[in-house]
Amino acid sequence: MSVQHSNSVIDQINFEPILAKLCSPERGLHWDKEKAIKAVQEYKRWLLLHILYPNETFAPSRDLDHVWHCHILDTRKYLADCSIMFGKGRFLHHNPYAGWESAEAEAKHQDVFKRTRELFKSCFGVDLTGKKALCCSGYCDPEVDALIASEKNGTSIWRPSFPLG
């Protein structure tokens, strides 16, 4: 599929609701319009990579992942948009645990992000913002990173203190 054809496919998608969600102080991330527009533009390019390189995996930056979350949470729109971009009944799966399994898995995840950044530069002539891939959970910050580390050590507060079933 050509870049021009793929761009026309992406251009069929209405990103206005996603921009509104990103900028909303009450129901969104309260981003300024400039940041939201830039992040949506990156997201559109990231989606385009999935169309152009259907056999590759791509990892999002922090801002790009936030845009993806705003898109995927509107499940009907997301399914319809993915059908336009990738074919009827197909959609881009989200793995919120990429890289969590081990240090080796995290290294592989960061390698995928490095490849994503390389393709951003070669295909679009722009640097993808972010120095490393987000874990895709939307919860990546130092406190949650500590919880994830404790989960791996078997001491997480995420685990209930009572037996299940």
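These figures come from a predicted structure and were not determined experimentally.

**Student:** If you had to explain the confidence of the model for the protein to someone new, which residues and values would you point to?
**Tutor:** With 76% of its residues at a pLDDT of 70 or more, the protein shows a mean pLDDT of 80. Least confident of the elements in the protein is helix H7 (residues 142-152), whose mean pLDDT is 48; most confident is helix H2 (residues 16-23), at 95. Ignoring residues within four places in sequence, the model shows residues 136-145, a span with pLDDT below 50, making 20 contacts including any to other chains. Low pLDDT, under 50, characterises residues 151-165; the predicted model gives this stretch 15 contacts beyond four residues in sequence or across chains.

**Student:** Before we move on, can you summarise the packing of helix H4 (residues 62-72) against helix H5 (residues 75-86) with the specific residues and values?
**Tutor:** It is at 7 Å that the axes of H4 and H5 come closest, and there the two elements cross at 105°. With respect to their mutual orientation, H4 and H5 come out roughly perpendicular. Of H5, the residues touching H4 (which contributes Trp68, His71 and Ile72) are Thr75, Lys77, Tyr78, Asp81 and Met85.

**Student:** Mind laying out the pattern of salt bridges, listing which residues take part and the relevant values?
**Tutor:** Throughout the structure, instances matching the rule amount to four salt bridges. The salt bridge partner of aspartate 63 is lysine 35, with a shortest N-O separation of 3.9 Å. Of this pair, aspartate 63 sits in helix H4 while lysine 35 sits in helix H3 (residues 33-52); the two residues are 28 residues apart in sequence, bridging distant segments of the chain. Taking the shortest distance from any N to any O, the salt bridge between lysine 121 and aspartate 127 comes out at 3.9 Å. Given a relative accessible area of 44%, lysine 121 falls into the partly exposed group.

**Student:** Give a description of H2 that names residues and reports values.
**Tutor:** Of the residues making up H2, those classed as buried are Ile18, Leu19 and Leu22. Angular distribution of buried residues about the axis of H2 spans 100°; they occupy a single face of the element. Structurally, H2 contributes buried residues whose contacts are with H3 and H4.

**Student:** Before we move on, could you go through unusual backbone geometry and cite the residues and values that matter?
**Tutor:** Of note in this structure, histidine 30 is not a glycine but carries a positive phi near 60°. On the basis of relative accessibility, which here comes to 56%, the residue histidine 30 falls in the exposed class.

**Student:** Outline the packing of aromatic side chains, supporting the account with residue identities and numerical values.
**Tutor:** All chains considered together, the criterion is met by six aromatic pairs. Between tyrosine 53 and phenylalanine 58, the aromatic rings sit 6.5 Å apart at their centres with planes inclined by 70°, giving edge-to-face as the arrangement. Between tyrosine 97 and tryptophan 100 the ring centres are 5.2 Å apart and the planes differ by 70°, which places this aromatic pair in the edge-to-face class. We classify tyrosine 97 as partly exposed; its relative accessible area is 47%. Ring pairs connect the aromatic residues Phe15, Tyr43, Trp46 and Trp68, which therefore count as one cluster.

Cut-offs and rules
- Residues numbered from 1 in each chain as written.
- Predicted model: local features only at pLDDT ≥ 70, side-chain atom pairs only at ≥ 80, totals over all residues.
- Heavy atoms only, no water.
- pLDDT = per-residue confidence, 0-100.
- Helix = DSSP H or I, 4+ residues; strand = E, 2+ residues; numbered from the N terminus.
- Contact = heavy atoms within 4.5 Å.
- Axes fitted to C-alpha atoms, helices over the stretch in contact; angles between N-to-C directions.
- Parallel < 35°, antiparallel > 145°, perpendicular 65-115°, else oblique.
- Salt bridge = Lys/Arg side-chain N within 4 Å of Asp/Glu carboxyl O.
- Buried < 20%, exposed > 50% of the residue type's maximum accessible area, 1.4 Å probe, protein only.
- Arc of directions from axis to C-beta.
- Phe/Tyr/Trp six-rings, centres within 6.5 Å; stacked < 30°, edge-to-face > 60°.

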